[in-house]
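# Architecture and fold: a report
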Amino acid sequence: MSTARKFVLLGATGSIGENTLRVLRKYPDKLELVGISAKSQADKLASIAREFSVPYACLQSAPPEGLSFPDGTSLLEGDAGIESLAALPDADFVVVAVVGAAGLRPTLAALEAGKDVVLANKEALVVGGEIVTRTAEENGARIIPADSEHNAVFQCLMGQPEDSLDSIILTASGGPFRDTPAEELARVTPVEALRHPNWSMGKKITIDSATMANKGLELIEARWLFNLPSEKLEVVIHPPSLVHAFVRLIDGCCLAQLTPPSMTFALQNAMLYPERAPGVDPSIDFSSPLDLSFFPPDCSRFPCLRLAKEALSHEGNAPLVFNAANEVAVDAFLLNRIGFLQISDIIDDSLNTIVNQSADSLDALLELDLEVRRYASTRIDQLD
Ligand code: NAD
Ligand code: MG
């Protein structure tokens, strides 16, 4: 009988999905794929099903006529299909690599079924941090962070005594506009914003990196993963993306984790945890000079980071409002409907209008999420 860990990979066709597959290819005897999902790109999903002989696949809607999945693959459909994949009896682990708040329901479905979740999707914790962490605890399921900064923190804390953590410092590359003067930011285009200096990622997170909303979302993600108050969570700019995070321990010692900017390191660590094995990509080369510079972020040029910090310190549902408004605004920016700086305007406006409603059940969270999306969309329509 195979002793390989059995994985479901939700969001298999995306950037995190591709990096997860690279780890799976390297360790076929240790890691087995039993389910995959995607929103679209049916042909890409079918070829993954073929390559890995995956028994279950799920698409958001029916595949185009003429496209066939392998005989051994059962095809599921829609949100119900993704949720049943997340709870697949045959799986031990679920990698959530879906983008956006759409990651919340499948994350909960996996945790409710007692699966360990390798969490790349950050929006699920931003929107439903309380319910997600409670569901994990109630079902004895683990959330293993795969976002590079949070995985770095996870690694730095290994072997440290409980209660020894003082604070967490997440690094940020600063994105493509790190040094762009404030007056030029209003005119930057989606094409320029999609040119990230270090990381190759999906469009949404690449725009979030350019506005620094990504680091704001990650502060909120860290609050739930490591249970620290907002004043113990910091951000530092580190252009080369070699150090992914620091932990500061109560005695003042700071520990860091370093790799070149590839997601395979964090994903492999989370998927094989606690086992260590040779990596997919080469490690850091110390034979030539390395830039290990760090400096504080400029929240005046990157208001999304300030707004996320404020949302985090308000507790309640301000982080959900931040996230939903950001998702709508990023879509509109990518469609050239609003300018770069209007992304933060839409978030600010939404936070000022729809703040801190007491929604705590999944249904109430999803309803509030919809309300914010409707509000943000209306504001964008008025700008057109
Ligand atoms: P992506 O856009 O490249 O891929 C997203 C995947 O999710 C695709 O397979 C897509 O089909 C699927 N998907 C999209 N919308 C969906 C929906 N509504 N329902 C179900 N499936 C849907 O995104 P990505 O860059 O791989 O990022 C995925 C998540 O991981 C995001 O939350 C992101 O913040 C996080 N993350 C990404 C990186 C990275 O390097 N790309 C790093 C750290 C964290
Ligand atoms: Mg990250």
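Residues numbered from 1 in each chain as written. Chains lettered and ligands numbered in written order. Predicted model: local features only at pLDDT ≥ 70, side-chain atom pairs only at ≥ 80, totals over all residues. Heavy atoms only, no water.

## Quick word on the packing of aromatic side chains
Quick note on the threshold: Note on aromatic contacts: the rings of Phe and Tyr and the six-membered ring of Trp form a pair at centre separations within 6.5 Å, being stacked when their planes are under 30 degrees apart, edge-to-face when over 60 apart, and tilted otherwise. Per the convention used, a helix needs a DSSP run of H or I reaching at least four residues, while a strand needs a run of E reaching at least two, with both numbered from the N terminus. Under the scheme applied here, a residue whose accessible area is under 20% of the maximum for its type counts as buried, over 50% as exposed, and between as partly exposed, the area being computed with a 1.4 Å probe on protein chains only. Only when the NZ atom of a Lys or the CZ atom of an Arg is both within 6 Å of the ring centre and within 35 degrees of the ring normal do we say a charge sits over the ring.
Scanning the model with the defined rule gives five aromatic pairs in all. A ring pair is formed by Phe154 and Tyr273, whose centres lie 4.9 Å apart and whose planes are at 55°; its orientation type is tilted. On the criterion of sequence distance, the pair formed by Phe154 in helix 6 (residues 148-156) and Tyr273 in the loop between helix 11 (264-272) and helix 12 (303-314) is long-range, its members being 119 residues apart. Judged by relative accessible area, which is 17%, Phe154 ranks as buried. Tyr273 sits in the partly exposed class, given a relative accessible area of 23%. Between the aromatic rings of Phe246 and Phe294, the centroid separation amounts to 5.3 Å while the plane-to-plane angle is 65°, which identifies the pairing as edge-to-face. Of the two residues, Phe246 sits in strand 10 (residues 243-249) while Phe294 sits in the loop between helix 11 and helix 12, which places them 48 residues apart along the sequence. Assessed through its relative accessible area of 32%, Phe294 is described here as partly exposed. Chaining the aromatic ring pairs together yields one cluster made of Phe177, Phe333 and Phe340. Above the ring of Trp224, the side-chain terminus of Arg223 is found at 3.8 Å from the ring centroid.

## Regarding the domain arrangement of the protein
This is how the line gets drawn: Marked domain ranges trace back to an automatic or database domain assignment. The contact criterion used is simple: two residues touch if any of their non-hydrogen atoms lie within 4.5 Å. Throughout, buried area stands for the accessible area (probe radius 1.4 Å) lost by two parts on being put together, summed over both. A pair is scored as a salt bridge if a Lys or Arg side-chain nitrogen falls within 4 Å of a carboxyl oxygen belonging to Asp or Glu. Residues adjacent in sequence count toward polar contacts only when both atoms are side-chain atoms; beyond that, a polar contact is any pair of N or O atoms within 3.5 Å, and within protein one must be able to donate a hydrogen and the other to accept it. Residue polarity follows a fixed list, in which Ala, Val, Leu, Ile, Met, Phe, Trp, Tyr, Cys and Pro are nonpolar, Asp, Glu, Lys and Arg are charged, and the others, Gly among them, are polar.
Entries for the protein in the domain assignment read domain 1 (5-146) and domain 2 (316-384). Computed from C-alpha atoms alone, the centre-to-centre distance between domain 1 and domain 2 is 26 Å. With eleven residues of domain 1 at the interface, the matching set in domain 2 holds eleven residues. Regarding the contact of domain 1 and domain 2, the summed buried area is about 800 Å², with carbon and sulfur atoms giving 69% of it. For the domain 1 face of the interface with domain 2, the top three residues by lost area are Arg105, Val126 and Val127, together amounting to 49%. The interface formed by domain 1 and domain 2 contains zero salt bridges. Where domain 1 packs against domain 2, one counts one residue pair in polar contact (both at pLDDT 80 or more). Residue contributions to the side of domain 1 that touches domain 2 peak at six residues, all from helix 5 (residues 123-138). Within the side of domain 1 that touches domain 2, the residues separate by chemical class into six nonpolar, two polar and three charged.

## Some thoughts on the pattern of salt bridges
By the definition in use, this model includes 22 salt bridges. For Asp281, the salt bridge identified is with Arg22, shortest N-O distance 2.7 Å. You can see Asp281 sitting in the loop between helix 11 and helix 12 and its partner Arg22 sitting in helix 1 (residues 15-26), a full 259 residues away along the chain. With a relative accessible area of 31%, Arg22 lands in the partly exposed category. With its nearest N and O atoms 3.0 Å apart, the salt bridge here joins Arg134 to Glu130. Taken together, the residues Arg134 and Glu130, both in helix 5 and four residues apart, mark about one turn of the helix.

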